[in-house]
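# Structure assessment
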Amino acid sequence: NSYTYKSGYVKRQALYACVTCCPEDSEILAAVCLGCSYHCHEEHELVELYTKRYFRCDCGNSKYPNNSCKLNKSKLPENPDNTYNQNFSAKYCTCHRPYPDPDDPVEDEMIQCCMCEDWFHGRHCGSVVPGNEYQEMVCSGCLSKNTFLHHYIGIAVIAVTKEETKEDVDIEKWDETESSKEDKAESKEANQSNKTDSTEVATNDESKATAITEGTENAVCKLKRLKRQDVNGAVFFPSHWREQLCSCEDCKNIYKKLCCTFIIDSEDTVTYYEETGKAKLRQKTQTNNVEREIEALNTLDRVTRTEMVHEYNTMSTSLRDYLKKFADNKKVVRDEDIREFFQQMAANKKQKTGGMQLFCK
């Protein structure tokens, strides 16, 4: 699965830029998949690009004239739908520097923009990074290109500075405001209590009218209802923020025109890619464990395997009958009860030792 060329333009995959085949001064931008990094560029200097979307492996095509692909000799001269940025020449951020940067003494985290997929130093984002509360970041450049995102600034995660929390809060006014809120809340509860009866006897016609109104509101484009907001610097969004983006036909046409239809694809996120990878790894580990157990059983002779199966079935049946008593009497199974069960099993096994042999050799 690490060799991906035959899969075409993969939705998201790990990529590597080969500096040996495409030096930085060559101005050739290309990348290879994980499989080719192992088999075709194993002794080369590689730059890890992390993950990129909708990319097809370049190994062995016209961008690598001196290094053919060992996994597939018949590749197209180029992949016209691939997109490249400065990362493919080992440069990042608005400072256009490598990472790690040997000339930069400042330790700083790198954050990837979910739109252009370039990486930025936290201090070069143009806004305060809000700790670990956000899920994805949109850089200022992509924000200016994709103006529809300005309507969703309201769901962004905003970092709060110490000055805002300490100096800008007037304690006395805050107390008065909270007291006023409590009074209003009590008044509102009283009004709601008085209106309960009239609410419960609402007619079917009124209910239908409400449903129609709600349906009409939901059909309206969100961009027409959300106020546009302008911000400086990058914007940080929380988990599942993409689910709140409008998916009406007009907005879909906007995404298509801006080449960002991926923004409403739930499988496009790096989080989905990572979680899917972890799930596959767990499944593979479980499969390997089962295969190892089967291989271990196959090394045993037929009689031993048969006796093991017999013992397992005996234990399974006995344990099921033992626990059924607790279920019938609605009793909680304690640690002592389980220990007692296995002690009894061991005692029964000792009584059978030295008796008649069950199976012929």
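Since the structure is predicted, the reported quantities are computational estimates derived from the model, not experimental observations.

## Focus on the overall build of the protein chain
Tallying secondary structure elements over the protein chain gives 11 helices and six strands in all. A total of 361 residues make up the protein chain; the buried ones form 29% of that total. By sequence separation, contacts in the protein chain at least 24 residues apart represent 69% of the contacts at least 6 residues apart. Carbon and sulfur atoms provide 51% of the accessible area of the protein chain, an area that totals close to 25100 Å².

## Concerning the packing of aromatic side chains
Under the counting rule described, the total for this entry stands at 10 aromatic pairs. Here Phe-55 and Tyr-84 contribute two aromatic rings whose centre-to-centre distance is 5.5 Å and whose plane-to-plane angle is 85°, an arrangement assigned as edge-to-face. In this pair, Phe-55 is assigned in strand E2 (residues 46–55) and Tyr-84 in the loop between E2 and strand E3 (110–112), connecting sequence segments 29 residues apart. Among the residues examined, Phe-55 registers a relative accessible area of 1% and is labelled buried. Given a relative accessible area of 25%, Tyr-84 falls into the partly exposed group. Geometrically, the ring pair formed by Tyr-134 and Phe-236 is edge-to-face, given 4.9 Å between the ring centres and 65° between the ring planes. Taken together, the residues Tyr-134 in the loop between strand E4 (119–121) and strand E5 (136–138) and Phe-236 in strand E6 (residues 235–237) connect sequence positions 102 residues apart. Take Phe-236: its relative accessible area is 2%, and that puts it in the buried class.

## Focus on a negative patch on the surface
A cluster of acidic residues, Glu-24, Asp-25, Glu-27 and Glu-45, forms a negative patch on the protein surface. Note that Glu-27 resides in the loop between strand E1 (10–18) and helix H1 (34–39).

## With respect to the nonpolar core
Core analysis: the largest hydrophobic core is formed by 46 residues, its most contacted members being Leu-49, Met-115, Met-137, Val-138, Tyr-152 and Tyr-255. For this core, the secondary structure elements donating two or more residues are E1, E2, E3, E4, E5, helix H2 (140–145), E6 and helix H8 (249–257). With residues near it in sequence (within four places) discarded, Met-137 still touches Ile-111, Gln-112, Cys-113, Cys-114, Phe-120, Cys-125, Ala-234, Val-235 and Phe-236. Counting 13 residues, the second largest nonpolar core, distinct from the first, contains Cys-18, Ala-30, Cys-33 and Cys-36.

## Comments concerning a nonpolar patch on the surface
Together, Leu-323, Val-333, Ile-338 and Phe-342 make up an exposed nonpolar region whose accessible area comes to about 280 Å². Among the structural elements, Val-333 can be located in the loop between helix H10 (302–328) and helix H11 (335–352).

## Comments concerning the side chain of Arg-242
For Arg-242, the position within the fold is in the loop between E6 and H8. The buried category is assigned to Arg-242, whose relative accessible area is 9%. The contacts of Arg-242, once residues within four sequence positions are left out, are Arg-53, Cys-114, Glu-136, Phe-262, Ile-263, Asp-265, Asp-268 and Thr-269.

## With respect to the confidence of the model for the protein chain
Scored by pLDDT, the protein chain comes out at a mean of 82, with 79% of its residues at no less than 70. This stretch, residues 163–179, has a pLDDT under 50; its non-local contacts, to residues over four places away or in other chains, come to five contacts. A low-confidence stretch, residues 194–217 stays under pLDDT 50, and its non-local contacts, those more than four residues away or across chains, total one contact.

## Quick word on empty space enclosed by the protein
Tallying each qualifying case throughout the model produces one cavity of 30 Å³ or more. What lines the largest cavity is a set of 15 residues, and nearest its centre among them are Cys-22, Pro-23, Ile-28, Phe-88 and Ser-89. Considered class by class, the residues forming the lining of the largest cavity number 11 nonpolar, two polar and two charged.

## Notes on unusual backbone geometry
For the peptide bond that leads from Tyr-99 to Pro-100, omega is -5°, which places it in the cis range. Mapped onto the secondary structure, Pro-100 falls in the loop between E2 and E3. Phi is positive for Glu-27, close to 65°, though the residue is something other than glycine. Located in the positive-phi region is Cys-259, a residue other than glycine, with phi close to 60°. Inspection of the secondary structure puts Cys-259 in the loop between H8 and helix H9 (270–298).

## Section: the side chain of Asn-87
On the secondary structure map, Asn-87 appears in the loop between E2 and E3. Separated by 2.9 Å, the side chain of Asn-87 and the backbone oxygen of Lys-91 make a polar contact. The contacts of Asn-87, once residues within four sequence positions are left out, are Leu-49, Lys-52, Tyr-92, Glu-117, Asp-118 and Trp-119.

## Topic: the pattern of salt bridges
One pass over the structure, following the stated rule, counts 19 salt bridges. Two residues, Arg-123 and Asp-104, come together in a salt bridge whose shortest N-O distance is 2.5 Å. Remark: Asp-104 occurs in the loop between E2 and E3 and Arg-123 occurs in the loop between E4 and E5; sequence separation between them is 19 residues. On the basis of relative accessibility, which here comes to 38%, the residue Arg-123 falls in the partly exposed class. The network of salt bridges with common partners includes Arg-12, Arg-53, Glu-117, Glu-136, Arg-242 and Asp-268.

## Focus: the pairing of E1
Taken residue by residue, a regular strand's side chains alternate between the two faces of the sheet. Counting buried residues in E1 gives seven out of nine residues, a clear majority hidden from the surface. Pairing analysis gives seven bridges linking E1 to E2, with the strands arranged antiparallel. Note on E2: the bridge partner recorded for Gln-13 is Lys-52.

Rules behind the numbers
- Residues numbered from 1 in each chain as written.
- Predicted model: local features only at pLDDT ≥ 70, side-chain atom pairs only at ≥ 80, totals over all residues.
- Heavy atoms only, no water.
- Helix = DSSP H or I, 4+ residues; strand = E, 2+ residues; numbered from the N terminus.
- Buried < 20%, exposed > 50% of the residue type's maximum accessible area, 1.4 Å probe, protein only.
- Contact = heavy atoms within 4.5 Å.
- Areas by Shrake-Rupley, 256 points an atom, 1.4 Å probe, with all protein chains shown as cover.
- Phe/Tyr/Trp six-rings, centres within 6.5 Å; stacked < 30°, edge-to-face > 60°.
- Patch = residues over 30% accessible without salt bridge, like charges linked within 9 Å, V, L, I, M, F, W, Y side chains within 5 Å.
- Salt bridge = Lys/Arg side-chain N within 4 Å of Asp/Glu carboxyl O.
- Lys, Arg positive; Asp, Glu negative; His and termini not counted.
- Charge placed at Lys NZ, Arg CZ, Asp CG, Glu CD.
- Core = buried A, V, L, I, M, F, W, Y, C linked by side-chain atoms within 4.5 Å.
- pLDDT = per-residue confidence, 0-100.
- 1 Å grid on protein atoms, 1.4 Å probe; cavity = no way out; pocket = protein on both sides within 12 Å on 5 of 7 lines; lining within 4 Å.
- Points joined across faces, edges and corners; volume = space filled by probe spheres on them.
- Nonpolar A, V, L, I, M, F, W, Y, C, P; charged D, E, K, R; others polar.
- Polar contact = N/O pair within 3.5 Å; in protein donor to acceptor, adjacent residues only side chain to side chain.
- Pairing = 2+ DSSP bridges.

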